[in-house]
Amino acid sequence: DIHMTQSPSSLSASLGDRVTITCQASEDISTYISWYQKKPGKAPKLLIYGVSTLEAGVPSRFSGSGSGTDFSFTINSLQPEDVATYYCQQYDGLPYTFGQGTKLHIK
Amino acid sequence: QVQLVQSGAVVKKPGSSVKISCQVSGGSFGKSAINWVRQAPGHGLEWLGRIIPFIGSSNFPRRFQGRVTITADKSTTTAYMKLSGLTSNDTAVYYCARLMGVRTTNPEGALDWGPGTQLSVSS
């Protein structure tokens, strides 16, 4: 199984800050990675697929980069509504696997 | 607009089984896989398996082989996930979802999640 190591596990930042989360795959997954936003009591929301393609309606302050085994997810200019837990997920092969999650707080 | 509608919250006893449904409305049902993902309290997201309704083919992680059964009824556009041998560790919110397909470049239809079904396992 492909293991996704996500860091940090939690993150505190100020409104307007730039925030970056990383995800490292245990083997080459090319560009087959998605990023999700998860808020309590809500279903996960797909933000990005294919490393950097924004899902329709997702604000442009969200972005992704990387390839192979090392990936990053960035929020430019953090907003109050961005408080959530973020997950990466690989779809290079089955079983699909997720990172452990990054809980984002506002300072 | 595609909607995934799941069955309601359920309480089960240890050792029993549960079957959760996910009805797909407003879109095609068949060629796109329906996946099942869960989140236990204080834990992250965990993929339980998927089915491609058109061919009835399903896949599961090794750790769930023999405990998870996923089926689909094309006539009612509904997918089902049955989990057997329940323990308290299975207490979680269970989601059905359309995810990016293995090594695909473009989404195979709308990528949506159901609202989740709370399963509580308690004696």
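Residues numbered from 1 in each chain as written. Chains lettered and ligands numbered in written order. Predicted model: local features only at pLDDT ≥ 70, side-chain atom pairs only at ≥ 80, totals over all residues. Heavy atoms only, no water.

(A) How the structure looks around the overall build of chain B. Looking only at helices and strands, chain B has zero helices and 10 strands in total. The linear arrangement of helices and strands in chain B, starting from the amino end, is β-β-β-β-β-β-β-β-β-β. For 123 residues, the compact-globule formula gives about 14 Å, and the C-alpha radius of gyration of chain B, at 14 Å, lands near that figure. Dimensions of chain B, computed from C-alpha atoms along their principal axes, come out at roughly 45 × 25 × 25 Å. Within chain B, buried positions represent 45% of all 123 residues. Residue pairs at least 24 apart in sequence account for 54% of intrachain contacts in chain B once pairs closer than 6 positions are excluded. Element-wise, carbon and sulfur atoms account for 48% of the exposed surface of chain B, whose accessible area totals about 5800 Å². Taking the 13 positively charged and 5 negatively charged side chains of chain B as two groups, their mean positions are separated by 6 Å. (Helix = DSSP H or I, 4+ residues; strand = E, 2+ residues; numbered from the N terminus. Rg over C-alpha atoms; globule rule 2.2 N^0.38 Å. Buried < 20%, exposed > 50% of the residue type's maximum accessible area, 1.4 Å probe, protein only. Contact = heavy atoms within 4.5 Å. Areas by Shrake-Rupley, 256 points an atom, 1.4 Å probe, with all protein chains shown as cover. Lys, Arg positive; Asp, Glu negative; His and termini not counted. Charge placed at Lys NZ, Arg CZ, Asp CG, Glu CD.)

(B) Structural context of the nonpolar core. Within the largest apolar cluster, 25 residues are counted, with the highest numbers of intra-cluster contacts made by Ile34(B), Trp36(B), Val68(B), Ile70(B), Met81(B), Leu83(B) and Tyr94(B). The set of elements that each furnish at least two residues to this core consists of β3 (18-25), β4 (34-39), β5 (45-52), β7 (68-73), β8 (78-83), β9 (92-97) and β10 (117-121) of chain B. Looking at which element gives the most residues to this core, the answer is β3(B), with four residues. Excluding residues that lie within four positions of it along the chain, Met81(B) makes contacts with Val18(B), Lys19(B), Ile20(B), Trp36(B), Leu48(B), Val68(B), Thr69(B), Ile70(B) and Tyr94(B). Counting residues in each nonpolar core, the second largest holds 23 residues, with Val19(A), Cys23(A), Ile29(A) and Ile75(A) among its members. (Core = buried A, V, L, I, M, F, W, Y, C linked by side-chain atoms within 4.5 Å.)

(C) Representation of the sheet that holds strand β1 (residues 4-7) of chain A within the structure. Residues and elements named next belong to chain A. On the basis of which strands lie adjacent, the open sheet formed by four strands has the order β1-β3-β8-β7 and antiparallel pairing. Single-partner strands in this sheet number two, and they are β1 and β7 (62-67). Put simply, the sheet's adjacent strands are angled 15 degrees from each other on average, direction ignored. In the sheet, β1 pairs with strand β3 (residues 19-25) via four bridges, with the strands oriented antiparallel. Its bridge partner lying in β3, Met 4 is registered against Ala 25. (Pairing = 2+ DSSP bridges. Axes fitted to C-alpha atoms, helices over the stretch in contact; angles between N-to-C directions.)

(D) Main features of the state of the cysteines. For the structure on display, the rule yields two disulfides over all chains. At a sulfur-sulfur separation of 1.8 Å, the disulfide partner of Cys23(A) is Cys88(A). Residue Cys23(A) is found in strand β3, and its partner Cys88(A) is found in strand β9 (residues 84-90); the two are separated by 65 residues along the sequence. Residue Cys23(A) shares its accessibility class with Cys88(A), and that shared class is buried. Covalently, Cys22(B) is tied to Cys96(B) through a disulfide, its sulfur atoms 2.1 Å apart. Torsion about the S-S bond of the Cys22(B) and Cys96(B) cystine: about 75 degrees, corresponding to right-handed handedness. Highlighted residues: Cys22(B) in strand β3 and Cys96(B) in strand β9, separated in sequence by 74 residues. Grouping residues by exposure puts Cys22(B) and Cys96(B) together as buried. (Disulfide = S-S within 2.5 Å.)

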